[in-house]
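Observations on the model geometry
What follows is each chain in one-letter form.
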Amino acid sequence: MKRDTGPLLPWVLLVISILFLGLSGSGLLAPLESIFGFAITPLENTFAGWFDTLGTLTQTSRDVRALQQEVNDLQAANDLLVQENIRLREYAAENEQLRTQLNFAQSNPTYQLIGADVLERGCETLLCGDIVGQDTNPYLRYIIINVGTRHGVATGMPVVTGGAVLVGRVARVSVNLAYVQLINDPDSRIAAMLQQSRISGLVVGSVEGNMIMTEILPDETVNLGETIVTSAVGGLLPRGLILGQIDEVTYQESQLFQEANIRPAIDFRRLETVLVITDFPQPNLDELKNEE
Amino acid sequence: MSLYIGIPILMIAAALQSVWVEDLHILGGRPDLVLLLVVTWAIIRGANDGVLWGFVGGMCCDLLSGGVFGLWTLSLTVVGFLAGQSWVHALGPTVMRLALMSALGTLIGHGLLLLMMGLLGYQAAPAITLPTVALPAALLNLILSPFSFTLLVWVHRRIQPPTGALA
């Protein structure tokens, strides 16, 4: 058995490891990650394909497959209808707000008013990606998708499924892979609002994988079952992407804000395909900086 | 020499960890294949080989993680170094020290990971995650250690003729 032949090697590799940590955010490791990524990405894709095939093979009878397909189709159709319904409700709420603003304008004819959206939805550019794996770090809730910088993906881009349900945001990207921070990751923070009552708050993840809406003012009435959507405050996400529904509301007198547990709109473990929103109308933050 | 065989083994293990193992929930947790291989190899071949495998295995895991690059590399390098030290021999016969070091190495690896994540500003919450993630992983790695040992002893004998030290 070979033991402790070179005392220098461990220390050299330890120092390099610490350097990796220090240089990670600077982008200097990108070439190294690309080189190793080219080797490991095909392996990841191949295994993902194998396990996908293996999962299909376990369906023993053709009838079961046909029924499964029918259920999937119906589920997809139902999802589309639910999402369409939620979008329509979003438009109805927006319409209601615009009517209120119009009434305000009509009842105050002496005011000079200019209308403006917080952030307009629409004209989004979408890119489809398959989920090839999950994060090897068990303390992070990320998924790995098979699109990267060569497909036009960049850090910060929103990732959705079914067109309107927010999955997360691209946290890191390599040439062929993108690492998506799920909305239930403990470090995820998303400006959100309740669709019907327009109450705003912040949706945060937790180490247990749950989602909580925080920073809801104590005098607000939060209804159970109400849908939570992105509010686009900050301009990092489009408005109206679905996050989930209110499951439970908690408030203690000693606390500054109410909190609400959220029932997610999707089962994160069953995600297969997602869409990356590569472009959407954003406010010009440079202008804000210039004004400051 | 060990790296020629080690790189593909560790890459396959990391890819399996990401594609398959992360979906498993056994005893409330999941094993850490790469960490287990690093500990086993360090026990079979010593600290230098353990550190090399830890470094390469860590890089493979970091490539399949959205976190800061280097978290796994540093954790597994340290684990490989510790598992290959001579004091590990005092833990008893090979099977015993392999089982103990698989569990202990997993706890040390996860502890380091959480420590560094905490220092880097992640919401790590070790009080919650250590018993729910690290402990089941340590137990599962302990259970799986005879399999990794059988595999890597076979690899060891292919790349270097047996000296009788392992028998």
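As the structure is a prediction and not an experimental result, all values here were calculated from the model.

**Topic: the overall build of chain B**
The number of helices and strands found in chain B is six helices and zero strands. For a compact globule of 167 residues, the expected C-alpha radius of gyration is about 15 Å, and chain B comes in at 15 Å, within 12% of that figure. Projected onto the principal axes, the alpha-carbon positions of chain B cover approximately 50 × 30 × 25 Å. Counting all 167 residues of chain B, 63% fall into the buried class. If you take every contact in chain B between residues at least 6 apart in sequence, the share linking residues at least 24 apart comes to 70%. Per element, the accessible surface of chain B, about 6100 Å² overall, is 76% carbon and sulfur. Here chain B holds 5 positive side-chain charges and 5 negative ones, and the gap between their average locations is 17 Å.

**Side note on the pairing of strand β6 (residues 189-194) of chain A**
All names here are of chain A. Alignment of β6 against strand β7 (residues 200-205), held across five bridges, turns out to be antiparallel. In the sheet register, alanine 191 faces β7, and the bridge partner there is leucine 202. Of the pairings in the sheet, the one linking β6 to strand β9 (residues 227-230) comprises three bridges and is antiparallel in character. Within the sheet, the bridge partner assigned to leucine 194 lies in β9 and is isoleucine 228.

**Focus on a nonpolar patch on the surface**
A contiguous nonpolar surface patch, about 420 Å² in accessible area, is contributed by B:Ile26, B:Leu27, B:Leu139, B:Leu142 and B:Ile143. Here B:Ile26 lies in the loop between α1 (2-19) and α2 (33-45).

**Quick look at the environment of B:Cys61**
Within the secondary structure layout, B:Cys61 lies in helix α3 (residues 47-63). The class for B:Cys61 is buried, based on a relative accessible area of 3%. For the pair B:Cys61 and B:Val79, spaced 18 residues apart in sequence, the C-alpha to C-alpha distance is 14 Å. Not counting the four nearest positions on each side in its chain, B:Cys61 is found in contact with A:Thr136, B:Ala14, B:Val34 and B:Trp72.

**Considerations on the pattern of salt bridges**
Residue and element names in this part refer to chain B. Under the defined criterion, the tally for this structure stands at two salt bridges over all chains. For arginine 45, the salt bridge identified is with aspartate 49, shortest N-O distance 2.9 Å. Overall, the relative accessible area of 5% leaves arginine 45 in the buried class. Residue class for aspartate 49 comes out buried when judged on its relative accessible area of 4%.

**Here we look at the packing of aromatic side chains**
Evaluated as defined, the whole model comprises four aromatic pairs over all chains. Here the aromatic rings of A:Phe20 and B:Phe69 are separated by 5.4 Å at their centres, their planes lie at 70°, and the arrangement is edge-to-face. One end of the pair, A:Phe20, is in helix α1 (residues 8-23); the other, B:Phe69, is in the loop between α3 and α4 (71-83), on a second chain. The exposure class assigned to A:Phe20 is buried, which follows from its relative accessible area of 7%. Across the ring face of A:Tyr179, the terminal group of A:Arg172 is positioned such that the distance to the ring centre comes to 4.5 Å.

**Section: the interface of chain B and chain A**
Facing 64 residues of chain B, the contacting portion of chain A comprises 48 residues. Between chain B and chain A lies a buried interface of about 5000 Å² when both sides are counted; carbon and sulfur atoms form 66% of it. Among the residues of chain B in contact with chain A, B:Asn48, B:Leu63 and B:Phe69 are the three that bury the most area, contributing 14% of the side total. Applying the counting criterion to the chain B and chain A interface returns zero salt bridges. Applying the counting criterion to the chain B and chain A interface returns 13 residue pairs in polar contact (both at pLDDT 80 or more). Tallying contributions element by element places α3(B) first for the side of chain B that touches chain A, with 11 residues.

**A few points about the confidence of the model for chain B**
Residues and elements named next belong to chain B. Of the residues in chain B, 94% have a pLDDT of 70 or more, and the chain-wide mean is 87. Within chain B, the lowest mean pLDDT, 87, falls on α1, and the highest, 94, falls on α4. For this predicted complex, the interface confidence score (ipTM) comes to 0.84, while the overall pTM stands at 0.77.

**Concerning α1(B)**
In this model, α1(B) (18 residues) spans 25 Å end to end at C-alpha, consistent with the 26 Å of a helix rising 1.5 Å per residue. Within α1(B) the residues assigned to the buried category are B:Ser2, B:Gly6, B:Ile9, B:Leu10, B:Met11, B:Ala13, B:Ala14, B:Ala15, B:Leu16, B:Gln17, B:Ser18 and B:Val19.

**Brief notes about the nonpolar core**
Within the largest apolar cluster, 71 residues are counted, with the highest numbers of intra-cluster contacts made by B:Val34, B:Leu71 and B:Met117. Here this core spans two domains, and each of domain 1 (11-107) and domain 2 (108-127 + 138-277) of chain A adds at least three residues to it. Residues contacting B:Met117, with those up to four places away along its chain left out, are A:Asn137, A:Tyr139, A:Leu140, B:Leu71, B:Tyr122 and B:Ala124.

Definitions and cut-offs
- Residues numbered from 1 in each chain as written.
- Chains lettered and ligands numbered in written order.
- Predicted model: local features only at pLDDT ≥ 70, side-chain atom pairs only at ≥ 80, totals over all residues.
- Heavy atoms only, no water.
- Helix = DSSP H or I, 4+ residues; strand = E, 2+ residues; numbered from the N terminus.
- Rg over C-alpha atoms; globule rule 2.2 N^0.38 Å.
- Buried < 20%, exposed > 50% of the residue type's maximum accessible area, 1.4 Å probe, protein only.
- Contact = heavy atoms within 4.5 Å.
- Areas by Shrake-Rupley, 256 points an atom, 1.4 Å probe, with all protein chains shown as cover.
- Lys, Arg positive; Asp, Glu negative; His and termini not counted.
- Charge placed at Lys NZ, Arg CZ, Asp CG, Glu CD.
- Pairing = 2+ DSSP bridges.
- Patch = residues over 30% accessible without salt bridge, like charges linked within 9 Å, V, L, I, M, F, W, Y side chains within 5 Å.
- Salt bridge = Lys/Arg side-chain N within 4 Å of Asp/Glu carboxyl O.
- Phe/Tyr/Trp six-rings, centres within 6.5 Å; stacked < 30°, edge-to-face > 60°.
- Lys NZ or Arg CZ within 6 Å of the ring centre and 35° of its normal.
- Buried area = accessible area lost by both parts, 1.4 Å probe.
- Polar contact = N/O pair within 3.5 Å; in protein donor to acceptor, adjacent residues only side chain to side chain.
- pLDDT = per-residue confidence, 0-100.
- Expected span 1.5 Å × (residues − 1).
- Core = buried A, V, L, I, M, F, W, Y, C linked by side-chain atoms within 4.5 Å.
- Domains from an automatic or database assignment.

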